[in-house]
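Structural overview
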Amino acid sequence: MPQDPMDFEWSYWIEWGRERILWLLAGHLLVSQMSRLLVEKYKPWCLMVYGMAACWLLLGIKGFAVILLHAAISFAVAQFQLSFLTWLCSLILLSTLRIPAVEETKRKWYDTENEYYLLLFTMSVRCLFCTSFSLEYCWHAPTQKSSHSFLWMLAYVFYYPTFHNGPLVNFDEFSKQMRKQEAFSMKTNLSILIVGIIRIFFWWCLAELMIHLMYIHALYSSALPLESASYWALGGLALAQVLFFYVKYLILYGVPGLLLQMDGLKPPALPCCVSLMHSFTKMWRSFDVGLHRFLVRYIYVPMGGSQSSLLGTLLSTALTFAFVSYWHGGQSYLWYWGALNWLGVIVENGTKRILSISLIQDLI
């Protein structure tokens, strides 16, 4: 039975995974386990060299050079130790991904559109990693700068399991865990690997069944069946789509998460099932945990967060969702999506504050 071809993200990453990425991830696993077994002290640098080689192989020397240039610019700006300058640099570098002339130049580097998109997706994710490192550099005391060298930035930026699509791990978590030299047990790691592969294979089979049998995205791409469907049917289609999105990210984040575990790191928790969620706030906290931690640590809390006035909370939440919308591409529908999520979070938090008033509780 033919599959539904309309989910671009699934088709794209499955194709790349089968062709090269899974093989490169297997190579990373081999280098990681050998370095943990033989040269634990030099593991970060072994993985850094492997990640740079994998980047060069997939994206070519020009793609590798652009990512290296972005990292170097971010590191240079971080030397001023001003968070505002770091954010300005990050937003400017992110905006260069959408300049038409720059896009056309990068397209000419590759034979296919898929290769160009791989560079684009990779650079978008790398921008968050560069931002995380640079802000941590700004916030740490001079005595801690040795742990925030350019070499450590490269080890972080070119860490291959999270290289193309995440999940996002903040630099402070990455560096602390990577520095730990724990007792290595090949038997324990092998059991983690086998169990992890079985789980991911089950999720992949489930996703493939949904793609081959349900045709959710094909139905959404045509107005005619949607116009003739009942409200119950439309609700079912919407639920099916978000459930597929959930299963898809169990795989897209589950594979790198398993490799993080094999490297002795703690990956962000996998997405929580959307059927168990009824809250905007819980969705943002529990679906993409790595991105949520990034937003809270580097945008929401520095802007005041929940500890500031009502206006300050509204502003810090708005800036957080504005960045999410811009990072995802900045198209008009993404601004509407971000605004609706912001409104949902504000209404939920406002309702909680009202319900916490003792007079209201007495009435209830």
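The protein is annotated in an unreviewed UniProt entry as HHAT palmitoyltransferase from Copsychus sechellarum. Per UniProt, the comment on the protein under Subcellular location (unreviewed entry) is "Endoplasmic reticulum membrane". Annotation of the protein in UniProt includes, under Sequence similarities (unreviewed entry), the sentence "Belongs to the membrane-bound acyltransferase family. HHAT subfamily."

What follows covers the overall build of the protein. Across its full length, the protein holds 16 helices and zero strands. For 364 residues, the compact-globule estimate of 2.2 N^0.38 gives 21 Å, and the protein sits close to it at 22 Å. Across its three principal directions, the C-alpha atoms of the protein cover 60 × 55 × 50 Å. Every one of the 364 residues in the protein was classed for burial, and the buried ones make up 46%. When contacts within the protein are restricted to residue pairs at least 6 apart in sequence, long-range pairs at least 24 apart make up 72% of them. Total accessible area on the protein stands at roughly 18,800 Å², and carbon and sulfur atoms take up 70% of it.

We now examine the packing of helix 2 (residues 43–78) against helix 5 (residues 113–139). In the contact formed by helix 2 and helix 5, the axes pass within 9 Å of each other and the chain directions differ by 20°. Judged on the interaxial angle alone, helix 5 and helix 2 are roughly parallel. Between helix 2 and helix 5 lies a crossing whose hand is right-handed. Here Leu58, Leu59, Gly63, Val66, Ile67, His70, Ala71, Ser74, Phe75 and Ala78 of helix 2 lie close against helix 5, whose contacting residues are Leu118, Leu119, Thr122, Met123, Arg126, Cys130, Phe133, Ser134, Tyr137 and Cys138. By residue class, the composition of the contact of helix 2 with helix 5 is 14 nonpolar, five polar and one charged.

As assigned here, the protein comprises domain 1 (8–179) and domain 2 (269–363). Of the roughly 1,400 Å² buried between domain 1 and domain 2, counting both surfaces, carbon and sulfur atoms make up 63%. It is Trp87, Arg98 and Leu128 in domain 1 that bury the most area against domain 2; as a group they hold 36% of the surface buried on that side. At the boundary of domain 1 with domain 2, the tally comes to three salt bridges. With a shortest N-O distance of 3.8 Å, Arg297 and Asp172 are connected by a salt bridge. Where the side of domain 1 that touches domain 2 is concerned, the elements lending two or more residues are helix 3 (83–95), helix 5 and helix 7 (171–179). Examining the composition of the side of domain 1 that touches domain 2, we find that eight residues originate from one element, helix 5, more than from any other.

It is worth spelling out unusual backbone geometry at this point. For the bond from Gly166 to Pro167, the omega torsion is 5°, close enough to zero to count as cis. For Pro167, the position within the fold is in the loop between helix 6 (150–157) and helix 7. Backbone geometry places Gln81, a non-glycine residue, at a positive phi of 55°. With a phi angle near 55°, Tyr215 is a residue other than glycine that sits in the positive phi range. Along the chain, the position of Tyr215 falls in the loop between helix 8 (186–213) and helix 9 (216–220).

Take the pattern of salt bridges next. For the coordinates displayed, the defined rule picks out seven salt bridges. Ionic pairing is found between Arg297 and Glu136, a salt bridge with its closest N-O pair at 2.6 Å. Pair noted here: Arg297 is in helix 13 (residues 289–300) and Glu136 is in helix 5, with a separation of 161 residues, a long-range link. The class of Arg297 is partly exposed, set by a relative accessible area of 32%.

Conventions used here
- Residues numbered from 1 in each chain as written.
- Predicted model: local features only at pLDDT ≥ 70, side-chain atom pairs only at ≥ 80, totals over all residues.
- Heavy atoms only, no water.
- UniProt positions renumbered as here; feature names shortened; annotations may be inferred.
- Helix = DSSP H or I, 4+ residues; strand = E, 2+ residues; numbered from the N terminus.
- Rg over C-alpha atoms; globule rule 2.2 N^0.38 Å.
- Buried < 20%, exposed > 50% of the residue type's maximum accessible area, 1.4 Å probe, protein only.
- Contact = heavy atoms within 4.5 Å.
- Areas by Shrake-Rupley, 256 points an atom, 1.4 Å probe, with all protein chains shown as cover.
- Axes fitted to C-alpha atoms, helices over the stretch in contact; angles between N-to-C directions.
- Parallel < 35°, antiparallel > 145°, perpendicular 65-115°, else oblique.
- Left-handed = near helix turned anticlockwise from the far one by under 90°.
- Nonpolar A, V, L, I, M, F, W, Y, C, P; charged D, E, K, R; others polar.
- Domains from an automatic or database assignment.
- Buried area = accessible area lost by both parts, 1.4 Å probe.
- Salt bridge = Lys/Arg side-chain N within 4 Å of Asp/Glu carboxyl O.

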